Amino acid sequence: MPRIRFDFGALVLDAALLDTPTAHLVAAALPTTASAQTWGDEVYFEMPVEAAREGDARAVVVPGEIAYWPEGRCIAIGFGRTPISKGDETRLASPCNIFANALSDVKALAKVRAGARIKVTLLADG
């Protein structure tokens, strides 16, 4: 299964792509660079693809799921509570397409600051 790498400079996060329409669009757009934004315990950044909301899109995610936010044309990686979370859930701004799963602990993203440069690349099948 193909993998992608999010390189935040001092931190690298690899993820396994799922077989979804969004995953195929994201993979086809790589490599790309972006600037990180943060919202509570979420890092998100622009992705140069336009994907429609998939039928199983959802706002509440499990930390480690990598999501595409159709309304913002962004990748969103939630790793804890956001300003709209209820209890301990990880709730993104609106329903997102889950297109990959992180291969390491996404809680390390707490170190990422707004404005950090992110390079996203496609890795060889693994």
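Higher on the page you've got the structure.
Summary of the structure given here. (Residues numbered from 1 in each chain as written. Predicted model: local features only at pLDDT ≥ 70, side-chain atom pairs only at ≥ 80, totals over all residues. Heavy atoms only, no water.)

1. Section: the pattern of salt bridges
Piece 1. Applying the stated criterion across every chain, the model contains six salt bridges.
Piece 2. Taking the shortest distance from any N to any O, the salt bridge between Arg 5 and Asp 14 comes out at 2.6 Å.
Piece 3. Exposure remark for Arg 5: the relative accessible area of 30% places this residue in the partly exposed category.
Piece 4. With a shortest N-O distance of 2.3 Å, Glu 71 and Arg 53 are connected by a salt bridge. Pair noted here: Glu 71 is in the loop between strand 7 (65-69) and strand 8 (74-78) and Arg 53 is in the loop between strand 5 (42-46) and strand 6 (58-61), with a separation of 18 residues, a long-range link. (Salt bridge = Lys/Arg side-chain N within 4 Å of Asp/Glu carboxyl O. Buried < 20%, exposed > 50% of the residue type's maximum accessible area, 1.4 Å probe, protein only. Helix = DSSP H or I, 4+ residues; strand = E, 2+ residues; numbered from the N terminus.)

2. A few points about the packing of aromatic side chains
Piece 1. Enumeration over the complete set of coordinates arrives at two aromatic pairs.
Piece 2. Seen from their ring centres, Phe 6 and Phe 45 are 6.0 Å apart, and the 65 degrees between their planes marks the pair as edge-to-face. With Phe 6 in strand 1 (residues 3-7) and Phe 45 in strand 5, the pair connects residues that are 39 residues apart, well separated along the chain. Both residues of the pair, Phe 6 and Phe 45, count as buried.
Piece 3. On the numbers, 6.2 Å between centres and 90 degrees between planes, the contact of Tyr 44 with Trp 69 is edge-to-face. Of the two residues, Tyr 44 sits in strand 5 while Trp 69 sits in strand 7, which places them 25 residues apart along the sequence.
Piece 4. For Trp 69, a relative accessible area of 22% puts it in the partly exposed group. (Phe/Tyr/Trp six-rings, centres within 6.5 Å; stacked < 30°, edge-to-face > 60°.)

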